[in-house]
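# Coordinate inspection notes
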Amino acid sequence: MDAGRPHATHVLVRNGRFLAVGTADDLAGFGNVKSDDRFADSILMPGFVEGHTHMDSGNIWQMVYTGTFERTDPDGRHWPGLSDMDSVLDRLAAHRSNDPETVLLAWGFDPLLLGVSLTRADLDKVSDSQPIVVWHASGHIIVANTVAMQKANMFPPRIAHPGIPLGDDGLPIGELRGIETMVPTAMALGILNRFMSRDGSGARPFSRMCVRAGVTTATDLANAMTDQALSNLLEITARDDFPIRLVPALMDEQLSAEGLVAKASLLRSQSTEKLRMGAIKMIVDGSIQGFTARLLPPGYYNGAEKGLWYLAPERLGDVYTQAMASGIQVNTHTNGDEATDLALQCLQKAVNANPPSDHRFIFQHAQLANPDQFRRMKSLGACVNLFANHLYYWGDAHVAHTVGPARAALMNNCRAALDAGVPLAIHCDEPVTPMAPLFTAWCAVNRQSGSGKVLGAGQRISVGEALHAITLGAAHTMKLENEIGSIAPGKFADMAVLDSDPLAVPPFDLRHIKVQGTMLGGMFFDARTI
Amino acid sequence: MAIGQMPSLPVTVLAGFLGAGKTTLLNHFLKTARGRRLGVIVNDFGRINIDVDLIETANERIIQLSGGCVCCRMDGNFASALMELRDRGIKLDHVLVEASGVALPGPIARAVPLIEGFHTAMVITIVDIETISARLTDRFMGDLVGSQCASAQVIIANKSDLIGDTLRKLIIDQLTQSFEKAMILSTTAGQVDASILDLDIAGLNITDTSAWSPPISADALFTSWIWSCTDPIHVERLGNALAETGHGLLRVKGFMQDIRLGPVLLQIVGRHVQIATLNSPLSGNGDQISYNRLICIAEKSVKDLGHWAELEKRFGLVRSL
Ligand SMILES: [Zn+2]
Ligand SMILES: [Zn+2]
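What counts, and at which threshold
- Residues numbered from 1 in each chain as written.
- Chains lettered and ligands numbered in written order.
- Predicted model: local features only at pLDDT ≥ 70, side-chain atom pairs only at ≥ 80, totals over all residues.
- Heavy atoms only, no water.
- Helix = DSSP H or I, 4+ residues; strand = E, 2+ residues; numbered from the N terminus.
- Buried < 20%, exposed > 50% of the residue type's maximum accessible area, 1.4 Å probe, protein only.
- Areas by Shrake-Rupley, 256 points an atom, 1.4 Å probe, with all protein chains shown as cover.
- Salt bridge = Lys/Arg side-chain N within 4 Å of Asp/Glu carboxyl O.
- Expected span 1.5 Å × (residues − 1).
- Arc of directions from axis to C-beta.
- Polar contact = N/O pair within 3.5 Å; in protein donor to acceptor, adjacent residues only side chain to side chain.
- Contact = heavy atoms within 4.5 Å.
- Pairing = 2+ DSSP bridges.
- Axes fitted to C-alpha atoms, helices over the stretch in contact; angles between N-to-C directions.
- 1 Å grid on protein atoms, 1.4 Å probe; cavity = no way out; pocket = protein on both sides within 12 Å on 5 of 7 lines; lining within 4 Å.
- Points joined across faces, edges and corners; volume = space filled by probe spheres on them.
- Nonpolar A, V, L, I, M, F, W, Y, C, P; charged D, E, K, R; others polar.
- Donors = N, O, S within 2.8 Å, 3.2 Å for Na, K, Ca; no water.
- Right-handed = clockwise from strand over helix to strand, strands pointing away.
- Parallel < 35°, antiparallel > 145°, perpendicular 65-115°, else oblique.
- Left-handed = near helix turned anticlockwise from the far one by under 90°.
- Buried area = accessible area lost by both parts, 1.4 Å probe.

## A closer look at the overall build of chain B
Across its full length, chain B carries 8 helices and 15 strands. When each of the 321 residues of chain B is scored for burial, the buried share is 56%. Counting every atom, chain B has about 13100 Å² of accessible surface; 51% of that belongs to carbon and sulfur.

In structure tokens:
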């Protein structure tokens, strides 16, 4: 997959790195080598590089999955997607214990895709003795049964609160909307720490998911990097049987810009071959499907409010300017086009304030970025990591509710990004959507929604371009192109082992290619036994 | 203080965009607490510059100050910090929550009563008088800053010494018109006295600024005291007398024994008088309520105690503080 040598039959590996690649003859000059023909019938690709995932998704599976799409957990168990309310309730019932002391927690429920909302009354049918809490896929709403609401003192509500909607009977329907009602509920039920852990314990289950997806380098794109997390991660990633290179990005809202950049620099100096630290993560706005992303006019298709800012431009500007001066890379989550505009404006100021540098700040998601914004990214030296999976998982919801058909056809516009010359990666945001780079490539190539609607055929990219985006392209955005992303002498011997050639199958079949495992630094990890 | 005997602890949400002066204001509140045991929930201790001599005990999340004040660092969500303050049994009179610069104080204020043992006293939004007009019309942040002001019961226009009188008056007028239900104060360096916290007005649904006549515009402008009396009185008459203009009273609040109605809650904001009868002792805490103690808050310039002497004669009140 090196541009000058797109195909090869043999690779030579020494001390965890590629020594040579080519034909058997090309390699003969290295003398006595041990040959390994385990992969004679497989296709070896550079290990996939996932530029936007969350390691804590390894822990999310301690909750019951209730989403619309099929998913596979870290143990390799398949969870079929649930397409109606009865099957959601059946699955919950299968996991209930009726023990009033343990809360039954579920995640991934998506009313936007299911077309119905889940209520307290529904959950009471599952259990009237065990507390049940179901987390919406958007992350911004939970639904509780009566026992859970009573236990959390939210039933009947002590005051009228817009985040606790009432039904016709004047009683809460069971939804707790927004962080300000979710957190007190979760705390009262003692489940807050079960939603997300910050100690690095998700790394192991997460890495197993990576192997099944062919991923050898993955980001953890928002990590507070506490001392405990750092020491745990250093210890876990150093083990030979830990199958990925992990790239955490530091996020800490409590730190000043100076403090943040100083901490990132310190972390960078502690990096190892399998734990690459030093990047920063900033979040500018919310999510499109949660109607909290900041959109330029005409705003949301269904008339929802303008969305939320999660940071002040001054803060973003300070972090940009100081990070750039210290050679620290910044990942910026923007979803709405207004948020992207703001980040571009801040980036312009930082570029003006610093001597020219190869900073490669990354716009993460930037789902509604338009061609003009891509051109500005290019001229400012930025990269983009587009959320191609959204086209499939929320494409229909975007057409019907969030931005309407015209703008949905221009979302995650990989074509425009490449045409503008912006270095491109594409991502899944696991656990938001399942990690599977070949599927992500399929999304960018076919642009098809869950219901089979094509969203903007003109914005498609080729299979070759998509494969580049999940390997060397992503590595370039992460400034790791000298070490990973292609099969080239000197780079780490990281590969994805596939059952068929993505360049040989019809583009629509990309998603059906099976990952047999990965190789990290020359060591094989079998997807069937990981 | 009367507030300490209320059935739930008042929480004030302090909002304001970056650089408006939230930190200075917080420090000034701590400095002027004068016996009020304040709990302060901040994003970060570093920025509030606590005088080390005042620190009695400290751990990673909580610093206890010698004046009885407590600072709690919020990790993630203010709700967990509030619960921590409550569960540690620290005795407090008022809690201040410092919202982040881009936070909408409205949702925070609405969430406070969801946490057992607290109610929302008010939202105070501090703005930089030099930049507020530009902030409100900013292409990106205008609606956010507008919403911060619109949720506020009190807007503090800070740094008012940096601009001329005419401009200051113009901006204050604009704020008054745009945010009708808020009391607008102007100050030079966040010098608003902690007695403003005794206002405790969020629950009152003030709909227009006439509650706040006469207009208020001075530094360190609050003074508060408690009145008490021993016998039941005619609360409505007292309320009307107190609400007459000219006293400079901003806020009166307290539980009274009415000669006709029995136990009532009397609340006065400017010229609005509200008397609520209490049918049952408040949520089992009735025994903690001291009746016939009125907390009064006024502009500092109020010196004419002749009014009060007169009222005392009429209603038999005894000034105690
Ligand atoms: Zn994101
Ligand atoms: Zn993410």
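There is more to say after this.
## Description of the pattern of salt bridges
Per the counting criterion, the structure on display carries 37 salt bridges over all chains. A salt bridge links Arg38 of chain A to Asp36 of chain A, with the shortest nitrogen-to-oxygen separation between them at 2.9 Å. Asp193 of chain B is the salt-bridge partner of Arg34 of chain B, the closest N and O atoms lying 2.6 Å from each other. Here Arg34 of chain B, found in the loop between helix H1 (22-31) and strand E2 (38-42), pairs with Asp193 of chain B, found in the loop between strand E9 (183-186) and strand E10 (222-228); they are 159 residues apart in sequence, far enough to count as distant. With a relative accessible area of 3%, Asp193 of chain B lands in the buried category. It is possible to trace a salt-bridge network through shared partners that takes in Arg294, Lys306 and Glu338 of chain A together with Asp143 of chain B.

## So, helix H10 (residues 227-238) of chain A
All names here are of chain A. Between its first and last C-alpha, H10 extends 17 Å over 12 residues, near the 16 Å set by a 1.5 Å rise per residue. Where H10 is concerned, the buried positions are Ala229, Leu230, Leu233, Ile236 and Thr237. End-on, the buried residues of H10 take up no more than an arc of 140 degrees, which puts them together on one face. Exposed and oriented more than 90 degrees from the buried face of H10 are Asp227 and Ala238.

## Observations concerning the side chain of Asn335 of chain A
Residues and elements named next belong to chain A. If you trace the backbone, Asn335 turns up in the loop between strand E15 (330-334) and helix H13 (337-353). A polar contact of 3.0 Å, which involves the side chain of Asn335, links it to the backbone oxygen of Gly286. A polar atom in the side chain of Asn335 sits 3.4 Å from the side chain of His333. For Asn335, the residues in contact, after removing those within four places along its chain, are Asp285, Gly286, Ser287, Ile288, Ala293, His365, Ala366, Gln367 and Leu368.

## Concerning the sheet that holds strand E7 (residues 118-128) of chain B
Residue and element names in this part refer to chain B. With mixed pairing, the 9 strands of this open sheet are ordered in space as E3-E4-E5-E2-E6-E1-E7-E8-E9. The strands lining the two open edges of the sheet, one partner per strand, are strand E3 (55-58) and E9. Along the sheet, successive strands turn relative to each other by an average axial angle of 20 degrees, direction set aside. Of the strands in this sheet, E7, strand E8 (154-158) and E9 touch helix H6 (residues 165-178), which is tilted by about 160 degrees from E9.

## Quick look at empty space enclosed by the protein
Residues and elements named next belong to chain A. Under the definition given, this model contains 2 cavities of 30 Å³ or more. What the second largest cavity holds in volume is close to 40 Å³. In this structure, the second largest cavity is lined by Pro46, Gly47, Val49, Thr216, Thr217, Ile484, Gly485, Ser486, Phe492 and Asp494. When the residues that make up the lining of the second largest cavity are grouped by side-chain class, the tally is 4 nonpolar, 5 polar and 1 charged.

## Some thoughts on the coordination of the zinc ion (ligand 1)
Residue and element names in this part refer to chain A. Listed as protein donors to the zinc ion (ligand 1) are His333 (ND1) and His365 (NE2); their distances from the metal cover 2.0 to 2.1 Å. Metal-to-metal, the separation of the zinc ion (ligand 1) and the zinc ion (ligand 2) is 3.4 Å. Taken together, the residues span a long stretch of sequence, with His333 in strand E15 and His365 in strand E16 (residues 362-365) at a distance of 32 residues. Take His333 and His365: they sit in the same class, and that class is buried.

## Notes on the coordination of the zinc ion (ligand 2)
Protein coordination at the zinc ion (ligand 2): the donors are His52 of chain A (NE2), His54 of chain A (NE2) and Asp429 of chain A (OD), at 2.0 to 2.2 Å from the metal. The sequence pattern formed by the donor residues of the zinc ion (ligand 2) is H-x1-H-x374-D.

## Overview of the pairing of E9 of chain B
Residue and element names in this part refer to chain B. Going residue by residue along E9, you find Met183 and Leu185 tucked away on one face and Ile184 and Ser186 tucked away on the opposite face as well. Strand direction decides the pairing type here: E8 and E9, joined by 4 bridges, are parallel. Of the residues in E9, the one forming a bridge with Ile155 is Ile184. Since E8 and E9 lie parallel, the crossover through H6 that links them has a hand, and here it is right-handed.

## Observations concerning the packing of helix H7 (residues 179-188) of chain A against helix H2 (residues 78-87) of chain B
Contact geometry of H7 of chain A with H2 of chain B gives a least axis separation of 8 Å together with a crossing angle of 45 degrees. When the axes of H7 of chain A and H2 of chain B are compared, the pair comes out oblique. Of the two possible hands of crossing, H7 of chain A and H2 of chain B adopt the one that is right-handed. From H7 of chain A, Val183, Pro184 and Met187 of chain A reach across to H2 of chain B, where they touch Ala79, Ser80 and Met83 of chain B. Classifying every residue of the contact of H7 of chain A with H2 of chain B gives 5 nonpolar, 1 polar and no charged.

## Quick word on the pairing of strand E1 (residues 10-14) of chain A
One face of the sheet, then the other: side chains in a regular strand alternate in exactly this way. Residues and elements named next belong to chain A. As paired strands, E1 and strand E2 (residues 17-22) are joined by 5 bridges and run antiparallel to one another. When the bridges of E2 are listed, Val11 appears paired with Val21. Connecting E1 to the antiparallel partner E2 that follows it, the hairpin turn spans 2 residues, and Asn15 within it adopts a positive phi of roughly 50 degrees.

## With respect to unusual backbone geometry
Here the bond from Phe155 of chain A into Pro156 of chain A is cis, since omega is -15 degrees, no more than 30 degrees from zero. Position of Pro156 of chain A among the secondary structure elements: in the loop between helix H6 (146-151) and strand E11 (175-177). A cis amide bond links Glu430 of chain A with the next residue in sequence, Pro431 of chain A, at an omega value of 10 degrees. Backbone geometry places Asp200 of chain B, a non-glycine residue, at a positive phi of 45 degrees. Turning to its location among the elements, Asp200 of chain B is positioned in the loop between E9 and E10. Residue classification places Asp200 of chain B among the buried residues on the basis of a relative accessible area of 5%.

## Examining the interface of chain A and chain B
Between chain A and chain B, the residue contacts involve 29 residues of the former and 26 residues of the latter. Here chain A meets chain B over a buried area of about 2300 Å², counting both sides, of which 62% is carbon and sulfur. Viewed at the interface, chain B and chain A are joined by 3 salt bridges. We note a salt bridge from Asp143 of chain B to Arg294 of chain A, for which the minimum N-O separation is 2.8 Å. Linking chain A to chain B there are 7 residue pairs in polar contact (both at pLDDT 80 or more). At the level of secondary structure, the elements contributing two or more residues to the side of chain A that touches chain B comprise H7, helix H12 (313-325) and H13 of chain A. At 6 residues, the largest contribution of residues to the side of chain A that touches chain B is made by H7 of chain A. For the side of chain A that touches chain B, the class distribution of residues is 16 nonpolar, 5 polar and 8 charged.

## Observations concerning the sheet that holds strand E19 (residues 495-498) of chain A
Residues and elements named next belong to chain A. Strand order across the open sheet formed by 4 strands is E3-E19-E20-E21, with antiparallel pairing between neighbours. Among the strands making up the open sheet, the edge pair consists of strand E3 (43-46) and strand E21 (523-526). Pairwise comparison of adjacent strand axes, ignoring direction, gives a mean angle of 25 degrees for this sheet. Relative to E19, E3 is paired through 4 bridges, and the arrangement is antiparallel. Opposite Pro46, over in E19, you have Met495 as the bridge partner.

## Here we look at the side chain of Asp200 of chain B
Within polar-contact distance, the side chain of Asp200 of chain B engages the side chain of Lys253 of chain B at 2.9 Å. Aside from chain neighbours lying at most four places away, what touches Asp200 of chain B is Pro10, His119, Thr120, Ala121, Met122, Arg251, Lys253 and Gln267 of chain B.

## Describing helix H9 (residues 203-213) of chain A
All names here are of chain A. Of all the 11 residues making up H9, 8 are buried; the element is thus mostly covered by neighbouring parts of the structure. Those residues of H9 that sit buried are Ala203, Pro205, Phe206, Ser207, Met209, Cys210, Val211 and Ala213. Positive phi shows up at Gly214, right after H9, with a value of about 80 degrees.

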